[in-house]
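Summary of structural features
If you want the building blocks of each chain, they are given just below.
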Amino acid sequence: MSYPIEVALRYLGSKKRAFISVGTTFAILGVALGVAALATVMSVTGGFQAEFREKVLGVNAHVLVIKYSTDFREYRSIMEQVSKVPGVIGVAPFSINPMMLTHGDATATGVLVKGVDPARSLGVGTEGASTAVLDLPRHILPGGDLTGLRRPGSKPAERAVPSLPEVPILEPDAGARGALAPDAGPEIDLLKAYEARIREDERAAAARDAALAPPTSRAAEAEGAPGAEAEEAEVAIDEGAPRGSIEPQGGYGSVLPEDDELPPEVDPDPCADKEQIARMPGIVIGAALAKNLSLDIGQCVTVTSPTIGFSFANGAIKPPVAKRFRVIAIFEAGFEQYDTKLAYADLYETQAFYDQGDTVTGVEMKVDDIDNASGIAREISKLLGSGLYYTMDWEELNHGLFTALRIQQIGMSAVLALIIVVAAFTVIATLIMVVLDKKKEIAVLKAMGATDAAVLRIFLYQGGIIGVAGTTLGLLLGVAVCKGLLVYGFPLDPKVYFISRLPVQARPQEFIITGCIAILICLAATIVPSLYAARLRPAEGFRAQ
């Protein structure tokens, strides 16, 4: 061991002046607290990122392909193409639409009902032969069974036939107003078509009114009598018709019921019949949603499309669609936003809500490496380079959430790194006090032939030892705090933070980075005192003697 290290260790544990060792202790403690705080915060923010990523990927796929149109009927050919991309291990279609769920007197609005393929998306009935796109089965609570999600004999929905009559095709008429050019061929003139239809309806209505008019009225009209006199003509009353007062014997004292409820034999409730419930299609809902609606496995829930009155789409007028489903499973993703606003049903059943036929919202995929999902998404985008499709990965789908988490981690780490900088000033103060106290010893060393570099190394070693000791103690303290948070669990409000417990992920690389930064700051803090000691002349050290 060279003498600069021996001298540095002796200066750290000096017994001649107590305040030097006490100052060294406080410097070490300051560095330790800064390192522990920074390591703990990085572990907590990293835990938030990992927890949210796990929650998001638990109910969502890694890569999505969405069409810039509501008519996505060629999804099977798209699935065949993307399944050949390297890295894709699972492909499935899906549809997602906002719905309203009702059970008894409880109603939940804005619930996203996602239609999935039970075999491709959830692995139902495959027995491990194919990779499921979603990790939903491992979030299912005990008692749930996904095998009843698709009813036997189910098939894709068919496109509804338009309810409006076809517009007649008119021959081109060059002399008529608004007619098309003769060389345009037999085209459809909408204005003239609807005008002809209106006139035809008016003639039919007039004929019906004439047929239903009383004989006296028709005779009066035939003779040219005024219409007012015809209306005043008295109509003969049948002999059996009641005459006089028709007030009932009990008077009008009867009271109508407050609730307009029909008896069960008139309007039977399917949700009250267990046999009918057993034949209903299955649905999987979140735990918080089931609690809000007072639902349990095996009960009936009504899903209604959130439209007010009648709607017009694809040439058809249709009322709001309501279907009843049987709760076959309840999942708990641990993410409040998913547990309260998400439900899963069979794709074929959800297609019937919008009369679009066998169409989907998009195609979702699972990849072998989620960190490479963005690269695979770019490859798929190049493969489907027609401009009709948009490809995104899981991080882009939740861009706002993960960007906010990343900024939070960087910001909090930068702020807490200032604690280490403050501790570095303690190291500077401690070394300056040592230099001022050891002027005579430094002068003796230089008079005996010590070089400036040797004196410089003495105080660099001293600052490095303080940094290493404080960093080691701080990392151990940080590990202890993280373990304590994992064991005892700090509760959080899920309505605010979307999770119920404070997540902690103690990764070795983050601890190593924190320790290296702390040691570098401590070494940088020793430069000024070390240079001052190295430049000290022997005569200056003996001048006060």
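Presented here is an overview of the structure given in this document.

The secondary structure content of the chain amounts to 20 helices and 11 strands. For the chain, the proportion of its 545 residues judged to be buried stands at 39%. A sequence separation of at least 24 residues applies to 77% of the contacts in the chain between residues at least 6 apart. Accessible surface, the chain as shown: approximately 31000 Å² in total, 59% of it carbon and sulfur.

Attention now moves to the layout of surface pockets. If you roll a probe as big as a water molecule over the atoms, it shows you where there is empty space left. Of the pockets and cavities examined, the largest pocket occupies roughly 430 Å³. What lines the largest pocket is a set of 19 residues, and nearest its centre among them are Asn-60, Leu-112, Tyr-338, Leu-397 and Asn-398. Of all the elements in the fold, those that place two or more residues in the lining of the largest pocket are β1 (63-67), β2 (88-103), β3 (106-116) and α10 (336-341). A total of 3 residues in the lining of the largest pocket trace back to one element, the largest contributor, which is α10. Tallied by class, the residues present in the lining of the largest pocket amount to 13 nonpolar, 3 polar and 3 charged. The space that makes up the second largest pocket amounts to roughly 280 Å³. Contributing to the lining of the second largest pocket are 14 residues, with Thr-70, Asn-97, Gln-356, Thr-359 and Thr-361 lying nearest its centre. Secondary-structure elements contributing two or more residues to the lining of the second largest pocket are β1 and β2. The greatest single-element share of the lining of the second largest pocket, amounting to 3 residues, is contributed by β2. Partitioned by chemical class, the residues of the lining of the second largest pocket number 4 nonpolar, 9 polar and 1 charged.

Before going further, it helps to examine the pattern of salt bridges. Using the criterion set out here, one finds 10 salt bridges in the structure. For Lys-67, the salt bridge identified is with Glu-74, shortest N-O distance 2.8 Å. The partner of Lys-114 in a salt bridge is Glu-364, with the nearest N and O atoms 3.0 Å apart. With Lys-114 in strand β3 and Glu-364 in strand β10 (residues 362-367), the pair connects residues that are 250 residues apart, well separated along the chain. Residue Lys-114 is classed as buried on the basis of its relative accessible area of 4%. Here the salt bridges do not stand alone but share partners, grouping Arg-151, Lys-323 and Glu-349 into one network.

Here we come to the state of the cysteines. For the structure shown, the criterion picks out 1 disulfide. Covalently, Cys-271 is tied to Cys-300 through a disulfide, its sulfur atoms 2.1 Å apart. Of this pair, Cys-271 sits in the loop between α7 (227-231) and α8 (274-278) while Cys-300 sits in strand β5 (residues 300-304), and the two are 29 residues apart along the sequence. Residue classification places Cys-300 among the buried positions, given a relative accessible area of 5%.

Okay, unusual backbone geometry next. Residues other than glycine seldom take positive phi values, yet Ser-294 does so here, at roughly 55°. By secondary structure assignment, the location of Ser-294 is in the loop between α9 (287-292) and β5. Note on Ser-294: relative accessible area 53%, which makes it exposed.

Turning next to a nonpolar patch on the surface. A cluster of nonpolar side chains, contributed by Val-22, Phe-26, Leu-29 and Leu-473, occupies part of the molecular surface with about 360 Å² of accessible area. In terms of residues, the nonpolar patch owes the most to one element, helix α2 (residues 18-59), which gives 3 residues. Mapping Leu-29 onto the fold places it in helix α2. Overall, Leu-29 belongs to the partly exposed group, its relative accessible area being 39%.

Moving on, we get to the nonpolar core. Grouped together as the largest cluster of nonpolar side chains are 60 residues, with contacts concentrated most on Val-284, Phe-331, Tyr-344 and Ile-380. Per element, the largest residue contribution to this core is 7 residues, and it comes from α2. Residues Leu-295, Val-301, Val-327 and Ala-345 belong to the second largest nonpolar core, which totals 21 residues.

As a packed pair, helix α14 (residues 399-437) and helix α15 (residues 439-447) sit with axes 5 Å apart at the nearest point and diverge in direction by 65°. Regarding the angle of α14 to α15, the classification is roughly perpendicular. For the pair α14 and α15, contact is made by Val-435, Leu-436 and Asp-437 and by Lys-439, Glu-441 and Ile-442, respectively. Classifying every residue of the contact of α14 with α15 by side-chain character gives 3 nonpolar, no polar and 3 charged.

Glancing now at helix α16 (residues 452-488). Between its terminal C-alpha atoms α16 stretches 54 Å, which fits the 54 Å expected from 37 residues at 1.5 Å a residue. Phi for Gly-489, located one or two positions after α16, is positive at around 70°.

Residue placement: Ser-413 occurs in helix α14. Judged by its relative accessible area of 13%, Ser-413 falls in the buried class. Excluding anything up to four places from it in sequence, Ser-413 contacts Leu-38 and Met-42.

With that settled, consider the packing of α16 against helix α19 (residues 527-534). At a minimum axis separation of 8 Å, α16 and α19 run at an interaxial angle of 145°. Our pair here, α16 against α19, has a crossing hand that is right-handed. Across the interface between the two elements, Asp-452, Val-455, Leu-456, Phe-459 and Leu-460 from α16 touch Ser-530, Leu-531, Ala-533 and Ala-534 from α19. For the contact of α16 with α19, a count of residues per class yields 7 nonpolar, 1 polar and 1 charged.

Cut-offs used in this document
Residues numbered from 1 in each chain as written. Predicted model: local features only at pLDDT ≥ 70, side-chain atom pairs only at ≥ 80, totals over all residues. Heavy atoms only, no water. Helix = DSSP H or I, 4+ residues; strand = E, 2+ residues; numbered from the N terminus. Buried < 20%, exposed > 50% of the residue type's maximum accessible area, 1.4 Å probe, protein only. Contact = heavy atoms within 4.5 Å. Areas by Shrake-Rupley, 256 points an atom, 1.4 Å probe, with all protein chains shown as cover. 1 Å grid on protein atoms, 1.4 Å probe; cavity = no way out; pocket = protein on both sides within 12 Å on 5 of 7 lines; lining within 4 Å. Points joined across faces, edges and corners; volume = space filled by probe spheres on them. Nonpolar A, V, L, I, M, F, W, Y, C, P; charged D, E, K, R; others polar. Salt bridge = Lys/Arg side-chain N within 4 Å of Asp/Glu carboxyl O. Disulfide = S-S within 2.5 Å. Patch = residues over 30% accessible without salt bridge, like charges linked within 9 Å, V, L, I, M, F, W, Y side chains within 5 Å. Core = buried A, V, L, I, M, F, W, Y, C linked by side-chain atoms within 4.5 Å. Axes fitted to C-alpha atoms, helices over the stretch in contact; angles between N-to-C directions. Parallel < 35°, antiparallel > 145°, perpendicular 65-115°, else oblique. Expected span 1.5 Å × (residues − 1). Left-handed = near helix turned anticlockwise from the far one by under 90°.

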